Amino acid sequence: MVTEEIEKRLEEIKSTIAKESTSESVEAREVNITPEVLIIGGGITGMYAALDVADAGFKVHLVERSPTIGGHMAQLDKTFPTLDCSDCIITPRMVDVGAHPNIDLMTCSEVVEVKGSVGNFEVKVKRRATYVDATSCTGCDLCAQACRLKNRFPNEFDQGLLKRAPVYIPFAYGIPPVYTIDPNQCLMVSRGKCGKATLDSSREARKKKEAGEEVTDKEAPPCMVACGPNSIDFDMKERTVNLKVGTIIVSTGYDIIPPDVQPEFKYGVYPNVIHGFEFERYSCASGPTEGKVINPANGKEPKTAVFIHCVGSRNKQTGYEYCSRVCCMYLAKQAHLLLEKLPDCKIYVLYQDIRAFGKAFEEFYDRVKAEGINYIRGLAGEIYKTAGSDTVRVRGEDTMLGEPFEIEADLVVLGVGLRPSDGVEEVTKVLNLPRDDLEGISNDKFFAEAQAKLRPIETGIEGVYIAGCCQGPKDIPDSVAQGKAAAAASIALIAQGKAKIEPAILEMKEDLIASSNSLTELSEKIR
């Protein structure tokens, strides 16, 4: 515990070092603020932050590493507890972001360097080559249909449940509505040849198409032949864009905890053991089965289904000790949706605690139970199957009754938790942002806020804000609220026009510090 005496000594140390450990006297100075904002991450949090800043009249650079914005929310079927259609909510906002004159939308891009300080951050953004001209592409899909390798590669948006071509758009209503080419999968990019066409012949074919002449698949790959606007350009190169911004908002979101961290559930071994996001794609009308939930082992509708809570989360053995907050409710929603689609399906939900903390959450949980869904307190201990069967057996203990149970199920849905998104290590290095690593309290590795209670979106770096699930697991309303809060903080700062820069300590008395064994001893030496 920090006592009053310790606080006093710390202040003495700070003031003495500030006065005596610099080679010259320096004072705080004011600098003009660049009235532009960088937002890293184009999910629901980053989108709302971008719209608020842009509507206030300031320029926004929205950087997203994927080909489209929308994040994980675009993959969902319905949202709890209101059961609103996710697509119906997010699509208009995506269109608003893509069309806003103050938003510079930079997809397939990553921030690789940040220098400077509040008011004048100098940023380098790497824009990957997409090999498709975004200014002329109409999103007609003819290139993907013509591709020699169409339907060969897992579509990440559909959790690999559908296949796509190397030239693709992640989902039909993606923003921007522009196709991109995966360089690792495209024959022309990776090998320099597609059929009889080569890179050299493709260059000549592109010139011929610009002149209005027809080309054949001997001169160009089928995708280029099929492209009416002549948008495909295999000579496109990666480029770096330099930006200068006043503030930065980090909204890099989350990814799911790998379900195979608990091998007893046999994810990846039995096809009818799926995770929550895969269920969302099966349940969604725009998904691989057009909204029909099936047993992936045989393609039939399940007669019995089991939902398992806290997969990966709240478990020291997996390394994810925290509660992911959303799992209790999204599994309740999914159980409700399955019963709505298949009224005769017998549904069990295995849980250790129900955490219905949000507005109308408890009421929604009560509604789901009243519909006849069976909640059993006790997580599964193992999942196994008998040879030649399309069903699996889920074994565990009902901790309320103190009795074992065994359920034969056609479908098992694992309620996986949330973790910091892939690529967050690079963002940490670029911005030098601290992450949660508090001994005895939290080591979840989400970005650390300046103060948990009163400064939840601020960081240790002035002018850099965090919002959404990069700060910790949360649901959509809380993510939107933090995005708008970060936007408000950015607007309040850049609207002032100037920022005060505190002086940096230029030269430390290292020998004095190194020879001290404690703060008390150091404070006595410099008093």
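Parameters and conventions
- Residues numbered from 1 in each chain as written.
- Predicted model: local features only at pLDDT ≥ 70, side-chain atom pairs only at ≥ 80, totals over all residues.
- Heavy atoms only, no water.
- 1 Å grid on protein atoms, 1.4 Å probe; cavity = no way out; pocket = protein on both sides within 12 Å on 5 of 7 lines; lining within 4 Å.
- Points joined across faces, edges and corners; volume = space filled by probe spheres on them.
- Nonpolar A, V, L, I, M, F, W, Y, C, P; charged D, E, K, R; others polar.
- Phe/Tyr/Trp six-rings, centres within 6.5 Å; stacked < 30°, edge-to-face > 60°.
- Helix = DSSP H or I, 4+ residues; strand = E, 2+ residues; numbered from the N terminus.
- Buried < 20%, exposed > 50% of the residue type's maximum accessible area, 1.4 Å probe, protein only.
- Core = buried A, V, L, I, M, F, W, Y, C linked by side-chain atoms within 4.5 Å.
- Contact = heavy atoms within 4.5 Å.

(A) Structural context of empty space enclosed by the protein. Here the structure, examined in full by the defined rule, presents three cavities of 30 Å³ or more. By volume, the largest cavity is sized at about 100 Å³. In this structure, the largest cavity is lined by 14 residues; those nearest its centre are C147, C186, L187, C194 and C223. Its residues assigned to classes, the lining of the largest cavity shows 13 nonpolar, no polar and one charged. As a volume, the second largest cavity reaches approximately 80 Å³. Forming the walls of the second largest cavity are V132, C137, T138, G139, C140, D141, C143, Y179, C227, P229, S231 and I232. In terms of residue class, the lining of the second largest cavity is built from eight nonpolar, three polar and one charged.

(B) Highlighting the packing of aromatic side chains. Within the structure shown, the criterion is met by ten aromatic pairs. Ring geometry for F80 and F361: centres 5.3 Å apart, planes at 75°, overall edge-to-face. In this pair, F80 is assigned in the loop between β4 (78-79) and β5 (84-85) and F361 in helix α10 (residues 361-370), connecting sequence segments 281 residues apart. As far as the burial class goes, F80 and F361 line up, both buried. Centre to centre, the rings of Y365 and Y375 are 5.2 Å apart; their planes meet at 80°, and the pair counts as edge-to-face. Of this pair, Y365 sits in helix α10 while Y375 sits in strand β21 (residues 374-377), and the two are ten residues apart along the sequence. Look at Y375 and you get buried, because its relative accessible area is 16%.

(C) Examining the nonpolar core more closely. Counting residues in hydrophobic clusters, the biggest one holds 95 residues, and the most contacted among them are V306, F307, I308, L338, L350, I383 and V412. A total of eight residues in this core trace back to one element, the largest contributor, which is helix α9 (residues 327-341). Sequence-distant contacts of F307, defined by excluding residues within four places in its chain, comprise F279, L331, Q334, A335, L338, I347, Y348, V349, L350 and V413. Residues C147, L149, A165 and Y179 belong to the second largest nonpolar core, which totals 26 residues.

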